[in-house]
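For reference, the chains in residue letters:
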Amino acid sequence: MRRRTVRPPCLWALAVLVLAMTVARAAEAQQAGLTISVLREADGAPVAGAVVVIENPAMAYRQSLRSDANGEVRLASLSTGGEYRVSVEAAADWGAVASTALELRNNAVRAVTLRVPAGGDELETVVVKGARVVSSLNQVDAEVSATLDARELAELPIEGRDVLRALARLPNVVPATGFYPEAPAVSINGANGLYVNYLIDGLDNNENFLGGQKFPVPSGFARDVTVLANNFSVRFGRTANGVVNVSSRAGGNEFAGEVYTLLRPGRPPDAASAFLQRDLSGNFVSDSFERWQAGGSLSGPLVADRTFLHANVEYTRDRSDTVLDAPLAGAVASLQGRNQFLLSSLRLDHRFDDAWTGTLRGNLGRVTIERPGGSLGGGSVQFPSAGSDQDRDSALLAVTLTYAGERWNYQGSLQRSGFDWDYGQARQPGPQVVARGPSGLPLAIVGHPGFVFDDRERTWQTRHELERVQGEHRWTVGVDVLEADFALAGGGNADGNYVVDLTTAQLATLRGRGLGTALGASDILSLNPVVSSYSVELRPQTFGRSQRLFALYAEDAWRISPRLTLTTGLRWDRDSLTGEGGGGVDGDNVAPRLAVNFRPDSSTVWRAGAGLFYDKLTYAVISDALQRNTTSAAFRGQLGELIARGLLPRDTDLAQVTFDGNLTVSPACSTVAQCPAPAAVQALRNTAPLNEARILNPNGYDSPYAVQFAAGWQRQLNDDWSASIDLVYNRSHRLLRLRDLNSPAAFSPNVAALTPAVIAELRALPDNAARVARARALGLVRTVAEADASRPIAARPGGARQITVTETEGQGRYRAVTLQLARARSETERWAGRVAYTWSKLENDTDDINFRASNANNFAQDFGPSANDRRHVISATAFWYPRPSLTVSLAALLQSGQPVNLVPDATVFGTQDLNGDGASFGENFVGNSDRYPGVARNSGRLGWSKVLDLGVRYGFRFSGFELEASADVFNLLDANNESGFANSATTSNQIQFGGGAPYVQRNGGAPRQFQFGLTARF
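To start, this report covers the structure provided alongside it. The structure displayed is predicted, hence computed values, not measured ones.

1. With respect to a nonpolar patch on the surface
Line of reasoning, step 1. A cluster of nonpolar residues, Phe255, Leu298, Phe961 and Phe1018, forms a patch on the protein surface that exposes about 420 Å² of accessible area.
Line of reasoning, step 2. Positionally, Phe255 belongs in the loop between strand 17 (242–248) and strand 18 (256–264).

Structure (structure tokens):
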């Protein structure tokens, strides 16, 4: 497969955009906003007519405004660059007061309360953070969110400067159990990580095939990162779960920069572990793993007071050894694999005048994951020729134009992005060969990796928002349009995959050639061995669709009184993918939202909100239905019978629901010489038997949605401490899952027969065939033939046994209580920190797009805890500053155990498929769908996860540079954690055998690990 590289969008597109936006002088919503309340310290009464000065020297910004009758000053369309300082000038009736430095995040309003003391203009300005300035309270709406600012991102122990891994420090966020190795590593509110919406400066950063990040944002380009968990503004959509919004760093009027290097040395000094670990990409690595990183950034003015630059480049290289252990094929060797990340980012900010500003942002990423052959745990017979590379290339270019007026504000953005994901780029084209010896065990795997997955996505997005300030109302209207074009080259190997059996003589001949690790497919095929199986991909094509997402929204923030704000919003979303299959686009996704914010005094806030939140479809739902589909006459005949039986709508258009996707066939042959060439087996395309075929849904797809309710209380307890409580209830509808339209009849094992004596009897039988026969006689197992006989439509050549379709009928229910206590940072105090406790419960009847009911589409029977459900989570961070040059940080994460799904044990039943319905393609990702007899889904629990991380930063000056040495220790206490870490479901401890079988730990969280760094700043 030819290697492709994503190239930045054409510069002419940027020129057209700037011209169009300069001509269209409308007005914005917030790039960022400030609401400043001036209150009397004695009684909390609003102060009208106070002169409020807002300054940001880094961005050459200064504004002087008078507070209104409610004691307020409200600003919009502010830059997120630099730090703001807000002050009130002294007057005859009050003293002067000023805030400490404030940072703003994009697409959000920050509320600041200045409590002025009684007195006169003879008082000096007092700079305080608690008693007179309250900036930690949400005095605007009912949003449930949390932020890590630039200082926290710099001081917390974070592996590999990966912003995503830092999010577990925030409430409502936990490391995720995903459903493939590279799945997004965080879960919000216990939900599937695929449904998180990732943004940079409010613009899309999702690879929309499966839902992860396009560009993995490093901490050197992140000003802050915010997780919006519940009840967020109508400005944010396309998710019923949560939003991760990164604000990028901006330059300023002062030149500054840094150069860093970071080292993960591996063992030693890392602790040993019996389990494989994962790298930043989610793939397994061995004990030999080590990482080296280097990079730098530069910020400053290109034109003083007008044009500012921030540029950042970061490079990461991982190394991990694998073992090739194939002595019978003449090779025992250590193979080295390297992973590389090259992440480059640029932001330019320009002030045209006092009202108009523009921002240009670019991100370019290249991630390469090597699979050199062998295995991390040893014992593998995969040779380097069967190795592959995974490439993830991303490019984003965005331009934003902002106007800030007295009454009108406007912001418009256009972004062009690309993402290429070649999951298994072959190192050696041609056939794959799995060679077995006289014992029947594999002794060599050579040639092609055996599959193709090469996804290409090109996306346009434009957002425009207009705001009008009128009296006590702040009206906002906006439009957000995104179009993504997909193309996937997928399927099996068009050159053929062989499983062959070598004789003793052939094996001796092969070893005599002395090829070692250079052994390839042609070397084995030239021996003309006996063929056990042979498969060929007949349709190695590239195909795809476009997804068009359109949103309109309007919002009114009405300040009813100085203490009470009512925010009402309405959003409408349209997703073109919902119309695939011929059912028509889901066009009634109207989402009202309401938020009430009440401030009884200057230190307390009560808030409550409710709303509807719609999700977009993950493109993989459509891609899988295209890839695993066929238009053969036999299959269309089966669909016609399903229509006649009422299992498909009578108006189903077969042309709309079927497609010639990839198709692998297995022609019969006894030796390699007798196997037909790939070009000679095309006639089998219409008669190849399929275990499963998937069609597009003839009813179309409904956009998933959630009804959310939240209520909260916040209080500034004193100068240093603040506390909060949040209550959340979410009810999810139309969740994605798989239905087998040709499902066999329901089967319920005879649980009464499953006594300890019977279990012992079954285990004692000589083989699985005997166990299946005995279990069948006891009513514990149904054979595949018996299950097939109960299917509505019989399988046939060219047709399929299982006929699956994605439906949007799943349900979920989430409840949570979060308590937080925080101590603010101060230039005079030596420590700060935050602790959050969350009790939550998430139950659903589907966990993933590939989730299938365990028994005859009975999803109600599978309603239970989510795979990412934790009942208790305690997250705490503490920062200690024993001296100005030294910072010590501690981060603790304690989680109760994740659920365990108990599945049948083949050593008891002879099979894991008790009801005989066969394996589904999706079980490669979600694990076995059958449950142990009499046991509910996810009914077990693992033990608590306990992680304590330590970070130390020490700064000193050398030759005009400020140097900082750092040391991070992850899992300081070297706890063996069974869950609570980023993981894949099929390799986790969350799948165990039921019936009293002993617990088997197959995976573990990272042991104690070290990371050392050195940074030079100027």
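We are not done yet, so read on.
2. Observations concerning empty space enclosed by the protein
Line of reasoning, step 1. One pass over the full model with this rule turns up 13 cavities of 30 Å³ or more.
Line of reasoning, step 2. In this structure, the second largest cavity occupies an estimated 350 Å³ of space.
Line of reasoning, step 3. If you trace the second largest cavity, you find 25 residues lining it, with Ala191, Asn192, Tyr195, Ser732 and Leu735 closest to the centre.
Line of reasoning, step 4. The set of elements that each furnish at least two residues to the lining of the second largest cavity consists of strand 40 (705–716), strand 41 (721–740), strand 42 (800–823) and strand 43 (831–844).
Line of reasoning, step 5. A total of four residues in the lining of the second largest cavity trace back to one element, the largest contributor, which is strand 41.
Line of reasoning, step 6. Partitioning the lining of the second largest cavity into residue classes produces ten nonpolar, eleven polar and four charged.

3. Quick word on the state of the cysteines
Line of reasoning, step 1. Considering all chains together, one arrives at one disulfide under this definition.
Line of reasoning, step 2. Covalent S-S linkage joins Cys669 and Cys675, the inter-sulfur distance amounting to 2.0 Å. Taking the sign of the S-S torsion, 70° for the link of Cys669 and Cys675, the bridge is right-handed. For the pair Cys669 and Cys675, a shared accessibility class is recorded, and that class is buried.

4. Re the nonpolar core
Line of reasoning, step 1. Counting residues in each nonpolar core, the largest one holds 77 residues, and the members touching the most others are Phe383, Ile524 and Leu639.
Line of reasoning, step 2. In terms of residue count, the dominant contributor to this core is helix 6 (residues 619–627) (six residues).
Line of reasoning, step 3. Those residues within four positions of Ile524 in sequence are excluded, and the remaining contacts are Val433, Ala435, Ala444, Val446, Val500, Leu502, Leu510, Leu519 and Pro529.

5. Some points on the layout of surface pockets
Line of reasoning, step 1. Within this model, the second largest pocket holds a volume of roughly 1100 Å³.
Line of reasoning, step 2. Taken together, 42 residues line the second largest pocket, and the ones lying closest to its centre are Gln627, Arg628, Phe921, Asn924 and Phe925.
Line of reasoning, step 3. For the lining of the second largest pocket, the elements supplying multiple residues, two or more each, are strand 26 (408–426), strand 29 (452–470), strand 30 (473–491), strand 31 (497–501), strand 32 (530–537), helix 6, strand 39 (690–695) and helix 13 (923–926).
Line of reasoning, step 4. Grouping the amino acids of the lining of the second largest pocket by side-chain chemistry returns 22 nonpolar, 15 polar and five charged.

6. Observations regarding the sheet that holds strand 28 (residues 442–447)
Line of reasoning, step 1. An order of 28-27-31-32-38 is seen for the five strands of this open sheet, with the pairing classed as mixed. The strands lining the two open edges of the sheet, one partner per strand, are strand 28 and strand 38 (664–665).

7. Quick look at helix 4 (residues 504–512)
Since the α-helix packs 3.6 residues into each turn, any two residues three or four apart lie on the same face.
Line of reasoning, step 1. Listed as buried for helix 4 are Gln506, Leu507 and Leu510. Summarising the axial view, the buried residues of helix 4 lie within an arc of 100°, below the 170-degree limit, and thus occupy one face. The exposed residues of helix 4 that point more than 90 degrees off its buried face are Thr504, Ala505 and Gly512.
Line of reasoning, step 2. At the C-terminal side of helix 4, Gly514 shows a positive phi close to 60°.

Conventions we followed
Residues numbered from 1 in each chain as written. Predicted model: local features only at pLDDT ≥ 70, side-chain atom pairs only at ≥ 80, totals over all residues. Heavy atoms only, no water. Patch = residues over 30% accessible without salt bridge, like charges linked within 9 Å, V, L, I, M, F, W, Y side chains within 5 Å. Areas by Shrake-Rupley, 256 points an atom, 1.4 Å probe, with all protein chains shown as cover. Salt bridge = Lys/Arg side-chain N within 4 Å of Asp/Glu carboxyl O. Helix = DSSP H or I, 4+ residues; strand = E, 2+ residues; numbered from the N terminus. 1 Å grid on protein atoms, 1.4 Å probe; cavity = no way out; pocket = protein on both sides within 12 Å on 5 of 7 lines; lining within 4 Å. Points joined across faces, edges and corners; volume = space filled by probe spheres on them. Nonpolar A, V, L, I, M, F, W, Y, C, P; charged D, E, K, R; others polar. Disulfide = S-S within 2.5 Å. Buried < 20%, exposed > 50% of the residue type's maximum accessible area, 1.4 Å probe, protein only. Core = buried A, V, L, I, M, F, W, Y, C linked by side-chain atoms within 4.5 Å. Contact = heavy atoms within 4.5 Å. Pairing = 2+ DSSP bridges. Arc of directions from axis to C-beta.

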